[in-house]
Amino acid sequence: MSYFRPGFRHPELPKNDLGYTKQQYEGAISTLCAGCGHDSISAAIVQSVFELSIAPHQVAKLSGIGCSSKTPTYFLSNSHGFNSVHGRMPSVATGANLANRDMIYIGVSGDGDSASIGMGQFAHVVRRNLNMMYVVMNNGCYGLTKGQDSATADVGSRSKAGSVNRFEPIDLASVALQLGATFVARSFSGDKEQLVPLIKAALSHSGFALIDVVSPCVTFNNNPGSTKAYDYVRQHMQTTSLVDFVPMAEEITTAYGEGESRGVTMHDGSVIQLHKLRTEWNPEDRQSALNALAESRERGEVLTGLLYVERDSRELHETINSTRTPLRTLTEKELCPGSSALETINNSLR
Ligand SMILES: Cc1ncc(C[n+]2csc(CCOP(=O)(O)OP(=O)(O)O)c2C)c(N)n1
Ligand code: SF4
Ligand SMILES: [Mg+2]
């Protein structure tokens with residue numbers, strides 16, 4: 001059941017370039033537990049899409065199953081949506097994207113949804129470089145089914161019931177980097193200042209953009225000894241750099257000393273500005289991102305920020321040279337061009 005917000009809002013609410021208020025990007029009232037990290041991520045998505053002035057009808061939200069996968073109901077009510085089967089969001093996203101590349105795809109998943117039942121689907125959507133933002137709301141447990149450890153729970157992490165996880169975790173950011181992901185970031189649901197520019201950059205990236213967001217489950221995995229608890233993440237969070245997202249045609253205004261700042265220009269002309277960079281890390285070098293993640297893991301830190309971006313990324317449609325036209329607008333004549341066109345194709349293959 002969904003509860004809808006009252007429609008009344010102050011008449012002077014700020015509007016974006018399309019004339020929409022933030023209210024027009026909100027969703028139904030959340031039924032998640034009060035304090036759940038997933039709600040903060042939904043709020044960050046609302047703010048980012050509003051500030052980027054993306055028309056809600058241009059967005060398609062896709063998810064699997066879990067508390068995390070319920071969240072598309074709680075943001076962007078005026079967008080398209082498909083709540084799919086556990087772990088199967090990537091194949092639904094692939095089908096939708098291939099049928100219509102003009103939409104902006106937001107995939108939402110959980111650590112259980114992506115790192116266990118959906119691991120195969122996750123791997124293939126990464127290596128195909130599907131043009132979408134893929135957000136993992138990572139709480140280290142299966143929240144919806146009462147808090148069992150998930151495959152991203154750290155070895156030694158203690159559950160609320162007191163048991164200690166004995167298995168090595170799957171680090172989705174490292175896996176994605178190894179599979180050729182062209183945009184990889186990690187963030188924390190409690191750090192909106194970092195998360196909003198990362199979401200904006202991910203939405204502007206041409207290709208697969210993963211944001212693994214540590215998102216504490218207050219009901220089942222927020223206890224002392226859990227490495228996905230609010231306190232633990234706040235105490236152990238290390239950041240690769242401070243992130244600013246500057247949309248195309250907007251002036252870069254922040255001033256930082258030489259060597260402290262670096263701009264990565266995206267395919268559409270917008271710029272990701274990174275400030276106070278870690279010296280040993282290059283955001284455009286896959287191996288340095290993998291090394292930084294491995295070293296942080298050794299130290300028990302949670303490395304956040306933009307980890308890697310490939311500015312010349314070729315998304316799936318470019319690789320397979322598919323039509324620019326959404327399939328629903330192709331006419332019968334274009335879809336069935338007749339026997340002479342078939343003959344030409346056959347001859348070209350002889
Ligand atoms: C095919 C199938 N297997 C198992 C389940 C039961 N199930 C529902 S949600 C879930 C795990 C959810 O964990 P996660 O993806 O981490 O989401 P969270 O609730 O933690 O946000 C499971 C195992 C299911 N719905 N469908
Ligand atoms: S059970 Fe955990 S993940 Fe699910 S809504 Fe509650 S706090 Fe969030
Ligand atoms: Mg989970």
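So, here is what we can say about the structure in this document.

Here is what the cut-offs are and how they apply
- Residues numbered from 1 in each chain as written.
- Chains lettered and ligands numbered in written order.
- Predicted model: local features only at pLDDT ≥ 70, side-chain atom pairs only at ≥ 80, totals over all residues.
- Heavy atoms only, no water.
- Helix = DSSP H or I, 4+ residues; strand = E, 2+ residues; numbered from the N terminus.
- Buried < 20%, exposed > 50% of the residue type's maximum accessible area, 1.4 Å probe, protein only.
- Contact = heavy atoms within 4.5 Å.
- Polar contact = N/O pair within 3.5 Å; in protein donor to acceptor, adjacent residues only side chain to side chain.
- Near = heavy atom within 4 Å.
- Nonpolar A, V, L, I, M, F, W, Y, C, P; charged D, E, K, R; others polar.
- Expected span 1.5 Å × (residues − 1).
- Areas by Shrake-Rupley, 256 points an atom, 1.4 Å probe, with all protein chains shown as cover.
- Phe/Tyr/Trp six-rings, centres within 6.5 Å; stacked < 30°, edge-to-face > 60°.
- Lys NZ or Arg CZ within 6 Å of the ring centre and 35° of its normal.

Relative to the elements of secondary structure, Asp268 occurs in the loop between strand E11 (261–265) and strand E12 (271–275). Residue classification places Asp268 among the partly exposed positions, given a relative accessible area of 29%. Every residue in contact with Asp268, bar those within four places of it in the chain, is listed here: Ser204 and Met248. Within the structure, the side chain of Asp268 is placed 2.5 Å from the side chain of Ser270, a separation counted as a polar contact.

With that settled, the discussion passes to the site of ligand 2. All residues in the neighbourhood of ligand 2 are listed as Leu32, Cys33, Cys36, His38, Cys67, Asn139, Gly143, Cys217, Val218, Thr219 and Phe220. A breakdown of the residues in the shell around ligand 2 according to their chemical character gives seven nonpolar, four polar and no charged.

The end-to-end C-alpha separation of helix H1 (residues 37–51) is 21 Å, in line with the 21 Å expected for 15 residues at 1.5 Å each. Among the residues making up H1, those that are buried are Gly37, His38, Ile41, Ser42, Ala44, Ile45, Val46, Gln47, Ser48, Val49 and Phe50. Positive backbone phi, at 55°, marks Ser53, one or two positions downstream of H1.

Let us look at the site of ligand 1. Near ligand 1 there are 17 residues, and of these Ser68, Asp111, Gly112, Asp113 and Gly143 occur at the shortest range. Asn139 is positioned with one of its side-chain polar atoms (N or O) 3.0 Å from an oxygen atom of ligand 1. The backbone of Leu144 places a nitrogen or oxygen atom 2.9 Å from an oxygen atom of ligand 1. When ligand 1 sits alone it has 600 Å² of accessible area, and the protein chains cover 74% of it. For the shell around ligand 1, the elements supplying multiple residues, two or more each, are helix H2 (67–70), helix H4 (111–117) and strand E5 (141–142). The greatest single-element share of the shell around ligand 1, amounting to four residues, is contributed by H4.

Let's shift gears to the packing of aromatic side chains. Per the counting criterion, the structure on display carries six aromatic pairs. With centroids separated by 5.3 Å and ring planes inclined at 65°, the aromatic side chains of Phe122 and Tyr134 adopt a geometry described as edge-to-face. Note that Phe122 is positioned in helix H5 (residues 119–127) and Tyr134 in strand E4 (residues 132–138), a separation of twelve residues in sequence. Pair check on accessibility: Phe122 and Tyr134 agree, each one buried. Put simply, the rings of Tyr20, Tyr25 and Phe50 touch in pairs and so form one group of aromatic residues. The ring of Phe75 has Lys61 lying over it, and the distance from NZ or CZ to the ring centre is 5.8 Å.

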